Amino acid sequence: MIYEVAELYIKSDAHDAFQAAVREAVPIFKAATGCLSMRLDRDIEVPDTYHLVIGWATLENHTVDFRGSAGFQAWRGLVGSHFALPPKVEHFTTVVAGF
């Protein structure tokens, strides 16, 4: 499994609407090919910053299957207007599973 970590910078007056839009998008991710998990974390020290962490079976499930899907377009339609800056997206693999 790989993890997509998207750092999202949200307009300061849009937090409630953004979080509601992400809740609305949960079924989009559940239906996405290879999507195994999804969560949204908010930065405590920099509250306009969030991390969307999504577990994918393969990198291609995200970069090819999801990004090329109608689900991706729906996702961006729900949340895109709340972004203050473009998202920063990186992919990770677990190398040490502590506990």
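Residues numbered from 1 in each chain as written. Predicted model: local features only at pLDDT ≥ 70, side-chain atom pairs only at ≥ 80, totals over all residues. Heavy atoms only, no water.

## What about the overall build of the protein?
Thought 1: Across its full length, the protein carries three helices and four strands.
Thought 2: Beginning at the N terminus, the succession of helices and strands in the protein can be written as β-α-β-β-α-α-β.
Thought 3: Here the C-alpha radius of gyration of the protein, 13 Å, is about what a compact globule of 99 residues would show, namely 13 Å.
Thought 4: With respect to the principal axes defined by its C-alpha atoms, the protein has extents near 35 × 35 × 20 Å.
Thought 5: Expressed as a percentage of the 99 residues in the protein, the buried residues total 30%.
Thought 6: Taking contacts inside the protein between residues at least 6 apart in sequence as the whole, the part at least 24 apart equals 69%.
Thought 7: Surface summary for the protein: the accessible area is close to 6,000 Å², and the carbon and sulfur share equals 57%. (Helix = DSSP H or I, 4+ residues; strand = E, 2+ residues; numbered from the N terminus. Rg over C-alpha atoms; globule rule 2.2 N^0.38 Å. Buried < 20%, exposed > 50% of the residue type's maximum accessible area, 1.4 Å probe, protein only. Contact = heavy atoms within 4.5 Å. Areas by Shrake-Rupley, 256 points an atom, 1.4 Å probe, with all protein chains shown as cover.)

## Section: the side chain of glutamate 4
Thought 1: Position of glutamate 4 relative to the elements: it lies in strand β1 (residues 2-9).
Thought 2: The side chain of glutamate 4 is buried and forms no salt bridge, while arginine 67, the nearest opposite charge, is found at 5.3 Å.
Thought 3: At a separation of 2.9 Å, a polar atom in the side chain of glutamate 4 contacts the side chain of tryptophan 56.
Thought 4: With near-sequence residues (within four places) excluded, glutamate 4 lies in contact with Leu52, Val53, Ile54, Trp56, His62, Val89, Glu90 and His91. (Lys, Arg positive; Asp, Glu negative; His and termini not counted. Salt bridge = Lys/Arg side-chain N within 4 Å of Asp/Glu carboxyl O. Polar contact = N/O pair within 3.5 Å; in protein donor to acceptor, adjacent residues only side chain to side chain.)

## Quick word on the sheet that holds β1
Within a beta sheet, neighbouring strands are joined by backbone hydrogen bonds and run either parallel or antiparallel to one another.
Thought 1: Judged by pairing direction, the sheet is antiparallel, and its four strands sit side by side in the order β2-β3-β1-β4 without closing on themselves. With one partner strand each, in any of the chains shown, β2 (35-42) and β4 (88-92) form the two edges of the open sheet. The sheet shows a mean angle of 15° between the axes of neighbouring strands, direction not considered.
Thought 2: As judged from the eight bridges shared by β1 and strand β3 (residues 49-56), these two strands associate in the antiparallel manner. Directly across from alanine 6, in β3, lies its bridge partner leucine 52. (Pairing = 2+ DSSP bridges. Axes fitted to C-alpha atoms, helices over the stretch in contact; angles between N-to-C directions.)

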